[in-house]
Amino acid sequence: MTLRGKVALVTGAGRHQGLGKAICARLAMAGCRIALTDLAVPQALMEAKNIGTRAEMDEVAEELSAIGPEVIALPMDVRDEAQIEATIAAVVAKFGRLDILINNAGIGYLFSPITDTPAEFWRAVMDVNLMGPFLCTKHAARQMNRQGSGGRIINIASQAAKSGHPHLAAYIASKHGLVGLTRTAALELGSQGITVNAVCPNHVTTGLGSVQNEYYAKLRGVSVERYLADMTAGIPMGRVGLPEDTANACVFLCSDQAAYITGEAMNVSGGAEMH
Ligand SMILES: NC(=O)c1ccc[n+]([C@@H]2O[C@H](COP(=O)([O-])OP(=O)(O)OC[C@H]3O[C@@H](n4cnc5c(N)ncnc54)[C@H](O)[C@@H]3O)[C@@H](O)[C@H]2O)c1
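Residues numbered from 1 in each chain as written. Predicted model: local features only at pLDDT ≥ 70, side-chain atom pairs only at ≥ 80, totals over all residues. Heavy atoms only, no water.

**Here we look at the nonpolar core**
The biggest cluster of nonpolar side chains holds 37 residues, and the ones touching the most others in it are Leu9, Val91, Leu98, Leu101, Ile153, Leu189 and Val196. Those elements that place two or more of their residues in this core are strand 1 (7-10), strand 3 (71-75), helix 4 (81-95), helix 5 (119-147), helix 6 (169-189), strand 6 (194-201) and helix 7 (207-220). For this core, the leading source of residues is helix 5, giving seven residues. Inspection of this core shows a minimum of three residues originating in each of domain 1 (7-202 + 243-267) and domain 2 (203-240). Apart from the residues lying within four places of it in its own chain, the contact partners of Val196 are Ile153, Asn155, Thr182, Ala185, Ala186, Leu189, Thr262, Gly263 and Glu264. With 36 residues, the next largest nonpolar core counts Leu19, Ala25, Val71 and Val268 among its residues. (Core = buried A, V, L, I, M, F, W, Y, C linked by side-chain atoms within 4.5 Å. Buried < 20%, exposed > 50% of the residue type's maximum accessible area, 1.4 Å probe, protein only. Helix = DSSP H or I, 4+ residues; strand = E, 2+ residues; numbered from the N terminus. Domains from an automatic or database assignment. Contact = heavy atoms within 4.5 Å.)

Put into structure tokens, the structure is as follows:
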């Protein structure tokens with residue numbers, strides 16, 4: 001599958017362990033030029049929140065540059081519409097176009113039973129996981145429409161978009177909502193040749209995944225190893241997800257082979273989720 005000549009913008013992709021980096025790597029292998037974006041906060045802010053720093057984003061971009069086509073790294077907060085517009089303008093100034101948007105940025109570290117959840121937790125998760133993809137879709141689709149040659153938008157949802165999970169109500173609701181956004185955007189943008197799909201991975205041991213493992217292992221009073229072994233036992237393919245599993249699905253959905261697939265929420269879960 002070749003994406004030679006295409007330009008992709010990927011959000012939340014500036015961390016070494018993250019799904020975003022794996023997605024960028026696979027897109028670059030397929031020949032895509034990449035605008036890698038992330039929050040890129042100063043080091044002092046990153047500790048508690050599991051978010052990426054400028055230094056880490058630049059390291060990731062440098063590593064990916066070795067794969068082939070050009071990679072640029074730009075700080076972008078997906079909650080900030082002005083930053084999104086400015087980033088897309090910078091990508092177009094650099095590469096001349098934008099063909100692919102991957103809405104990957106997300107937060108999943110605010111655990112709490114519903115009865116104890118402060119409204120700020122709810123808003124914080126919705127702002128990043130749902131408003132962010134909406135704003136990025138809005139401005140990327142405008143650019144794709146101006147170009148008039150179609151495009152691809154992929155929302156990284158989750159198994160959490162298909163089933164509930166305790167202590168993550170806002171995260172679960174945001175990912176279910178992301179599938180609704182996917183379907184509506186697919187309806188509105190299809191006539192312009194833009195496909196919009198969601199990819200729904202099950203557990204992947206990234207930064208976000210590790211934080212979840214630690215929380216749920218502690219909640220159940222077992223070790224992280226025991227927790228992961230129990231989870232793995234319930235997955236038909238006998239292992240948790242790898243970042244590459246999600247990245248491969250993204251490359252397929254960006255390719256010409258997927259030109260007639262839109263509005264889908266594709267599970268990449270080793271059979272853990274089947275609807
Ligand atoms: N790891 C899993 O098990 C798993 C499973 C299903 C879906 N997902 C989804 O995959 C995506 C990537 O998560 P990951 O597992 O790689 O975790 P991660 O924490 O490594 O990546 C999330 C990225 O989003 C960035 N981010 C946070 N707030 C942001 C903001 N306001 N603006 C821009 N960027 C911001 C972080 O800096 C980080 O780089 C998320 O949307 C997550 O919900 C993860």
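**What about the domain arrangement of the chain?**
Taken domain by domain, the chain consists of domain 1 (7-202 + 243-267) and domain 2 (203-240). Computed over C-alpha atoms, the centres of domain 1 and domain 2 are 24 Å apart. Taken together, the 20 residues of domain 1 in the interface contact twelve residues of domain 2. In total, about 1300 Å² of surface goes out of reach between domain 1 and domain 2, with carbon and sulfur atoms giving 56% of it. The tally of links between domain 1 and domain 2 comes to one salt bridge. In this structure, Asp245 engages Arg239 in a salt bridge whose closest nitrogen and oxygen atoms are separated by 2.8 Å. Inspection of the region where domain 1 meets domain 2 yields five residue pairs in polar contact (both at pLDDT 80 or more). Across the side of domain 1 that touches domain 2, the residue classes tally to nine nonpolar, ten polar and one charged. (Buried area = accessible area lost by both parts, 1.4 Å probe. Salt bridge = Lys/Arg side-chain N within 4 Å of Asp/Glu carboxyl O. Polar contact = N/O pair within 3.5 Å; in protein donor to acceptor, adjacent residues only side chain to side chain. Nonpolar A, V, L, I, M, F, W, Y, C, P; charged D, E, K, R; others polar.)

**Brief notes about the packing of helix 5 against helix 6**
Between helix 5 and helix 6, the shortest axis-to-axis distance is 8 Å and the interhelical angle comes to 15°. The pairing of helix 5 with helix 6 is recorded here as roughly parallel in orientation. When you trace helix 5 past helix 6, the crossing you get is right-handed. Packed against helix 5, whose contacting residues are Trp122, Val125, Met126, Asn129, Leu130, Pro133, Phe134, Thr137, Ala141 and Asn145, the element helix 6 presents Ala169, Ala170, Tyr171, Ala173, Ser174, Lys175, Gly177, Leu178, Leu181, Ala185 and Leu189 at the interface. (Axes fitted to C-alpha atoms, helices over the stretch in contact; angles between N-to-C directions. Parallel < 35°, antiparallel > 145°, perpendicular 65-115°, else oblique. Left-handed = near helix turned anticlockwise from the far one by under 90°.)

**Observations regarding the sheet that holds strand 6**
Backbone-to-backbone hydrogen bonds join strands into a sheet, with any given pair of strands oriented parallel or antiparallel. If you walk across this open sheet you meet the seven strands as 3-2-1-4-5-6-7, and the pairing is parallel. Among the strands making up the open sheet, the edge pair consists of strand 3 and strand 7 (265-268). Neighbour-to-neighbour, the strand axes of the sheet open up by a mean angle of 20°, direction not taken into account. With four bridges connecting them, strand 6 and strand 7 associate as parallel partners. When the bridges of strand 7 are listed, Cys200 appears paired with Asn267. (Pairing = 2+ DSSP bridges.)

**Brief notes about the site of the ligand**
As a matter of local geometry, the ligand sits amid 30 residues, with Leu19, Asp38, Tyr171, Val204 and Thr206 nearest to it. In this structure, an oxygen atom belonging to the ligand sits 2.8 Å away from a main-chain N or O atom of Val204. Contact with the protein chains hides 98% of the accessible area of the ligand, taken as 820 Å² for the molecule alone. Put simply, the parts of the chain that give the shell around the ligand at least two residues each are helix 6 and helix 7. For the shell around the ligand, the residue count by class is 14 nonpolar, eleven polar and five charged. Shared between two domains, the shell around the ligand holds at least three residues of each, these being domain 1 (7-202 + 243-267) and domain 2 (203-240). (Near = heavy atom within 4 Å. Areas by Shrake-Rupley, 256 points an atom, 1.4 Å probe, with all protein chains shown as cover.)

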